[in-house]
Amino acid sequence: MLPSPPAREGQLGFLYLPPYRVQGISVAGEQTVIQIPELDVAFDIGQCTRAVLSVPTIALSHAHMDHLGGLPYWFSQRSFQKIGGETHLPDKPDGKPRVPVGRCVCHPELEQSLRGMMRAWEPLERQKTPFEIVALEPEKDLELKNNIRLRAIETRHTVPSLGFSVLERRSKLKEEFRDLPQEKLRELRTRGTEITRQMDIPLIAYTGDTAPGEYLVRDEFADAKIVIAECTFFEPDHNDRARTGMHLHIDDIIRMLPVWKAEAIVLVHVSRRTTIHYARERIEQLAGADAGRIHLLMDHRSNRARYDAQVAAAEDANKPPAPPAEELPRESQEDIPNAVE
Ligand SMILES: [Zn+2]
Ligand SMILES: [Zn+2]
């Protein structure tokens, strides 16, 4: 008898939560990489998928290998495939370096070790892979793209850890000027009066691996349009395991439902031992009317059905389907016709 070929692997989870795509792979202890193409960011890089090569920024929640393992390869491939790289050009006239091949944003305590990890490759490969490691202090922001900021939020895991919030900075007219006519506003502005105030609108929040804590009720999580939450355990008797590993349990997520206003809560980092079917069943049992806004990133079957319905609705509305099929990650396209989980 012939041996069987290896199992197909590596299908990306995919959810279209307008206007954002949430795509990637996340299984507890194995790998987590979650990409938001529209926001130019990926959370964690446990594995370097082909799709994640296109984002310029990795926001690293912590340095467990299932969240970090793909980073050196990502830097290397970005350089090898000349993606986003301007580093072959001389420095800009103002002395600032060109956009690097990619950057990884991390907890300040990880900065030196991550640099050391990248440098360890140099004598092995006999070449230097360009990389940028950016330490982001908790409570500090960093610009991802125009008006879009990444904020680091300290969480609690077995190692130094961050959650992240992606915020949009908008200028709003101050209350006191609201009823003034345009010409008056223009006049005030030319006289140098600050007539607007800045507001940060939370778009997406990511918990990373974490024990439950007060940070989960912050505005960045409560007001986010999408919350991407670790949820490793679903079994009623696995609360102890969640506490020991400093992870979230479905009971913790349920407690957050009245606080999180998000249209969509995307659960990631589900343990391999938990079937998607069982996880879905527990969500239905515990979340009541909120079950409809809870998604499992790796529930390929439900997510595919949901996307098909979105395409059909878009066609009905006589609009082109969004996003166009060719924008789906390549892995998904290949695997969709007979997606199984
Ligand atoms: Zn993990
Ligand atoms: Zn971890």
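Residues numbered from 1 in each chain as written. Chains lettered and ligands numbered in written order. Predicted model: local features only at pLDDT ≥ 70, side-chain atom pairs only at ≥ 80, totals over all residues. Heavy atoms only, no water.

J.: Lay out the coordination of the zinc ion (ligand 2) with the relevant residues and their values.
T.: Taken together, the protein donors to the zinc ion (ligand 2) comprise H62 (NE2), H64 (ND1), H157 (NE2) and D209 (OD), at separations of 2.2 to 2.4 Å. Every donor counted, the four donor atoms about the zinc ion (ligand 2) form angles of 90 to 167° at the centre, which fits irregular coordination. When the donors of the zinc ion (ligand 2) are listed by position in the chain, the intervening gaps give H-x1-H-x92-H-x51-D. The metal-metal distance between the zinc ion (ligand 2) and the zinc ion (ligand 1) comes to 3.4 Å, with D209 coordinating both. Highlighted residues: H157 in the loop between β9 (148-154) and β10 (162-173) and D209 in the loop between β11 (196-206) and α5 (219-222), separated in sequence by 52 residues. (Donors = N, O, S within 2.8 Å, 3.2 Å for Na, K, Ca; no water. Tetrahedral: all angles 85-135°; square planar, octahedral: opposite > 155°, others 65-115°. Helix = DSSP H or I, 4+ residues; strand = E, 2+ residues; numbered from the N terminus.)

J.: Tell me what's going on with the packing of aromatic side chains, and back it up with residues and numbers.
T.: In this description, a pair of aromatic rings is defined by centroid distance and the angle of the planes. Scanning the entire structure with this criterion turns up six aromatic pairs. Between the aromatic rings of F43 and F164, the centroid separation amounts to 6.3 Å while the plane-to-plane angle is 20°, which identifies the pairing as stacked. Taken together, the positions of F43 in strand β4 (residues 41-43) and F164 in strand β10 put the pair 121 residues apart, joining distant regions of the chain. A relative accessible area of 0% means that F43 is categorised as buried. Overall, F164 belongs to the buried group, its relative accessible area being 0%. (Phe/Tyr/Trp six-rings, centres within 6.5 Å; stacked < 30°, edge-to-face > 60°. Buried < 20%, exposed > 50% of the residue type's maximum accessible area, 1.4 Å probe, protein only.)

J.: Break down the nonpolar core for me, citing the residues and quoting the values.
T.: Counting residues in hydrophobic clusters, the biggest one holds 81 residues, and the most contacted among them are F43, W74, L150, I204, I228 and L267. Element by element, the count of residues in this core is highest for strand β13 (residues 264-268), at five residues. The residues contacting I228, other than those within four sequence positions of it, are V22, I34, I36, F43, I204, A205, Y206, T207, V266 and V268. (Core = buried A, V, L, I, M, F, W, Y, C linked by side-chain atoms within 4.5 Å. Contact = heavy atoms within 4.5 Å.)

J.: Tell me about the side chain of R151, and name the residues and values.
T.: Looking at where R151 falls in the secondary structure, it is placed in strand β9. With relative accessibility at 14%, the residue R151 sits in the buried group. A distance of 3.2 Å separates a polar atom in the side chain of R151 from a polar atom in the side chain of D200. Sequence-distant contacts of R151, that is, excluding residues within four places in its chain, are made with E139, K140, D141, G163, F164, S165, L167, D200 and E220. (Polar contact = N/O pair within 3.5 Å; in protein donor to acceptor, adjacent residues only side chain to side chain.)

J.: Quick rundown of the sheet that holds β13? Include the residues and the values.
T.: Sheet strands pair via backbone hydrogen bonds, and the direction of the pair is either parallel or antiparallel. Strand order in this open sheet of seven strands is β8-β9-β10-β11-β12-β13-β14, and the pairing throughout is mixed. The open sheet has two edge strands, β8 (141-145) and β14 (294-296), and neither has a second partner. With direction set aside, neighbouring strand axes in the sheet form an average angle of 35°. With five bridges joining them, strand β12 (residues 226-230) and β13 adopt parallel strand pairing. Within β13, the position partnered with E230 by the bridge is V268. Along the sheet, helix α8 (residues 276-287) makes contact with β13 and β14, crossing β14 at roughly 170°. (Pairing = 2+ DSSP bridges. Axes fitted to C-alpha atoms, helices over the stretch in contact; angles between N-to-C directions.)

J.: I'd like a description of the pattern of salt bridges, backed by residues and values.
T.: The tally for this structure, following the rule as stated, stands at 21 salt bridges. As a salt-bridge pair, D141 and R149 come within 3.0 Å of each other at their nearest N and O atoms. Judged by its relative accessible area of 22%, D141 falls in the partly exposed class. The exposure class assigned to R149 is buried, which follows from its relative accessible area of 18%. Put simply, R243 and D252 hold a salt bridge, and the shortest N to O gap is 2.8 Å. One salt-bridge network, held together by shared partners, links E139, D141, R149, R151, R169, D200, R218 and E220. (Salt bridge = Lys/Arg side-chain N within 4 Å of Asp/Glu carboxyl O.)

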